[in-house]
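Chain by chain, the residues run as shown.
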Amino acid sequence: MLAMNYRGPRRVRADQKPMPEILHPNDAIIRVTRSCICGSDLHLYHGLVPDTRVGMTFGHEFIGVVEEIGSSVQKLKIGDNVLVPFNVACGQCAFCKQELYGNCHESNSQATAVGAIFGYSHTAGGYDGGQAEYVRVPYADVGPTVIPEDMDHDDALLLTDVVPTGYQAAEMAGIKTGDTVIVFGAGPVGIMAAKCAWLFGAARVIVIDHIEYRLEFVRNYANCEAYNFRSLEDPVLFIKKTTDWFGADVCIDAVGADASGNALQTITGKKLLLQAGSATALHWAINSVKKGGIVSIVGVYGPTDNLVPIGNVLNKGLTIRANQASVKRLLPRLIEHVRAGRLNPKALITHRIPLEEVADAYHIFSSKLDNCIKPVLIPPSARK
Ligand SMILES: NC(=O)c1ccc[n+]([C@@H]2O[C@H](COP(=O)([O-])OP(=O)(O)OC[C@H]3O[C@@H](n4cnc5c(N)ncnc54)[C@H](O)[C@@H]3O)[C@@H](O)[C@H]2O)c1
Ligand SMILES: [Zn+2]
Ligand SMILES: [Zn+2]
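So, a few notes on the structure that sits alongside this text. This is a predicted model, so every value here is computed, not measured. (Residues numbered from 1 in each chain as written. Chains lettered and ligands numbered in written order. Predicted model: local features only at pLDDT ≥ 70, side-chain atom pairs only at ≥ 80, totals over all residues. Heavy atoms only, no water.)

### Topic: the overall build of the protein
Looking only at helices and strands, one finds twelve helices and 17 strands in the protein. Across its three principal axes, the protein shows a C-alpha extent of roughly 60 × 45 × 40 Å. Counting over 384 residues, the protein shows a buried share of 59%. With the model as given, the accessible surface of the protein reaches about 15,500 Å², and the carbon-plus-sulfur share is 50%. One way to put it: in the protein the 37 positive side-chain charges average out to a point 4 Å from where the 38 negative ones average out. (Helix = DSSP H or I, 4+ residues; strand = E, 2+ residues; numbered from the N terminus. Buried < 20%, exposed > 50% of the residue type's maximum accessible area, 1.4 Å probe, protein only. Areas by Shrake-Rupley, 256 points an atom, 1.4 Å probe, with all protein chains shown as cover. Lys, Arg positive; Asp, Glu negative; His and termini not counted. Charge placed at Lys NZ, Arg CZ, Asp CG, Glu CD.)

Next up, the structure:
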């Protein structure tokens, strides 16, 4: 089968790989009909995630058709159209029982800090991902969800990650009626977080990025204010000024380890790898939220350390909330939001690219070319 193949930092290609096989009675093999590239894949692509092995297939945002099931699978049948949450979760451990599916204790048993994610390095379990024609999905009775008949498959695709992550960012931020919300990052996740902030009662939503076409997109899509940090003298000062020097009620970091905007963070985090990526957006979030405020982090950082102003967290009495999104927990309510038209995920899709051209797709998305917001890869078998 054809699959994306990681060859080292900034080198990926489409290659033939052996078909995945059922290895456990609760596995399913899914024939992928479309998959996305995510900002999280860029951390892998840029070489920022430890133990990203050559030969791995990335891809944790995919939908497809059930091709084969193991002997114990009860909830799926061959031919079902399913969306597959990005978390690999057992459904039975102490954490899954609390609906912390992003923190499953079983699916990545070599690690106590990191749960498992499809196609996300051996740090996150070593499972091959869905940027391929076929993918093995473990715990098939837990994650995969049959796509409702009335749902557009592009919407279903974005329910595997972007929508739940944006929504959980707003939820963890504890947004109350009347709050001013700052979202750092106007990628798909930040765009969705800004959109969801209104659902929780925000009175003002401000997005910060430095890519003009994304700022323009989020202004229209999420009906919010959006500013380019390169045209501000200091984004923290700007946010303080525009909130009567109080600071924002909540700040959301939807950037993570690939952040730009601070030379020291960029050199130590992205060039010399002395910390787990650049924590520039998190730094700004902590410094521009009000005293007693909440910083919600969905931008991904590695398991090792980062330079963050912990003294300001202490002295301002901040609450920091962070996690990988728990997709399965959120799906029922998000399907309703999409049905009711309150969220329109598919509007984020700007590119449909054949899987054979995966190298170009990564380059376009990584370099923010051609007004790219969200690229979708289509395997050859899904184009027949
Ligand atoms: N927690 C989760 O469950 C989860 C799920 C999906 C994605 N993520 C993470 O969310 C983050 C965003 O994902 P995405 O797909 O939107 O990525 P993306 O790369 O498309 O977008 C990131 C955006 O941040 C902007 N940016 C860079 N530095 C900035 C700064 N200092 N301040 C403000 N903006 C800045 C970039 O210009 C870009 O537009 C990534 O870190 C990704 O790994 C987390
Ligand atoms: Zn993702
Ligand atoms: Zn579990």
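### Some thoughts on the coordination of the zinc ion (ligand 3)
All of the protein donors around the zinc ion (ligand 3) are Cys90 (SG), Cys93 (SG), Cys96 (SG) and Cys104 (SG); their distances to the metal are 2.3 to 2.4 Å. Considering all four donor atoms around the zinc ion (ligand 3), angles at the metal cover 103 to 117° and the coordination shape is tetrahedral. (Donors = N, O, S within 2.8 Å, 3.2 Å for Na, K, Ca; no water. Tetrahedral: all angles 85-135°; square planar, octahedral: opposite > 155°, others 65-115°.)

### A look at the coordination of the zinc ion (ligand 2)
Coordination of the zinc ion (ligand 2) by the protein is provided by Cys38 (SG), His60 (NE2), Glu61 (OE) and Asp161 (OD), with metal-donor distances spanning 1.9 to 2.3 Å. Within one chain, the residues serving as donors to the zinc ion (ligand 2) are arranged as C-x21-H-E-x99-D. One end of the pair, His60, is in the loop between α1 (39-45) and β4 (62-69); the other, Asp161, is in the loop between α3 (153-158) and α4 (162-172), with 101 residues separating them in the sequence. Classification of His60 by relative accessible area gives buried; the value is 2%. Asp161 gets classed as buried once you look at its relative accessible area, which sits at 5%.

### A short note on the environment of Val84
The topology assignment puts Val84 in strand β5 (residues 81-84). Given the relative accessible area of 1%, Val84 is considered buried. For the pair Val84 and Pro354, spaced 270 residues apart in sequence, the C-alpha to C-alpha distance is 20 Å.

### Considering the pairing of β4
Where strand β3 (residues 28-36) and β4 come together, seven bridges link them in antiparallel fashion. Looking across to β4, one finds that Arg31 is bridged to Val65. The sheet contact formed by β4 and β5 spans four bridges and is antiparallel. Within the sheet, the bridge partner assigned to Phe62 lies in β5 and is Val84. (Pairing = 2+ DSSP bridges.)

### Comments concerning the side chain of His337
The residue His337 is located in helix α11 (residues 327-339) in this model. Judged by its relative accessible area of 14%, His337 is buried. Side-chain polar atoms of His337 contact the side chain of Arg342, separated by 2.8 Å. (Polar contact = N/O pair within 3.5 Å; in protein donor to acceptor, adjacent residues only side chain to side chain.)

### A closer look at a nonpolar patch on the surface
Residues Ile267, Leu272 and Leu274 make up a contiguous nonpolar surface patch of about 320 Å² in total accessible area. Examined against the element boundaries, Leu274 turns out to sit in the loop between α8 (263-271) and α9 (280-288). Residue classification places Leu274 among the exposed positions, given a relative accessible area of 65%. (Patch = residues over 30% accessible without salt bridge, like charges linked within 9 Å, V, L, I, M, F, W, Y side chains within 5 Å. Salt bridge = Lys/Arg side-chain N within 4 Å of Asp/Glu carboxyl O.)

### With respect to the site of ligand 1
The environment of ligand 1 is made up of 33 residues, and the closest members are Ser40, Asp209, Val255, Ser260 and Ala325. Between a nitrogen atom of ligand 1 and a main-chain N or O atom of Val298, the distance comes to 3.0 Å. For ligand 1, an oxygen atom lies 3.0 Å from a polar atom in the backbone of Val300. Within the complex, the protein chains bury 97% of what would otherwise be the 860 Å² of accessible surface of ligand 1. Residue assignment for the shell around ligand 1 shows that the elements contributing at least two residues are α1, α5 (188-199), β11 (204-209) and α9. For the shell around ligand 1, the leading source of residues is α1, giving four residues. (Near = heavy atom within 4 Å.)

### What to know about the environment of Asp258
Within the element layout of this structure, Asp258 appears in the loop between β13 (248-253) and α8. For Asp258, a relative accessible area of 18% puts it in the buried group. Not counting the four nearest positions on each side in its chain, Asp258 is found in contact with Leu42, His43, His46, Leu48 and Lys270. Only 2.7 Å separates the side chain of Asp258 from the side chain of His43, close enough to count as a polar contact. A polar contact is formed between the side chain of Asp258 and the side chain of His46, at a distance of 3.1 Å. (Contact = heavy atoms within 4.5 Å.)

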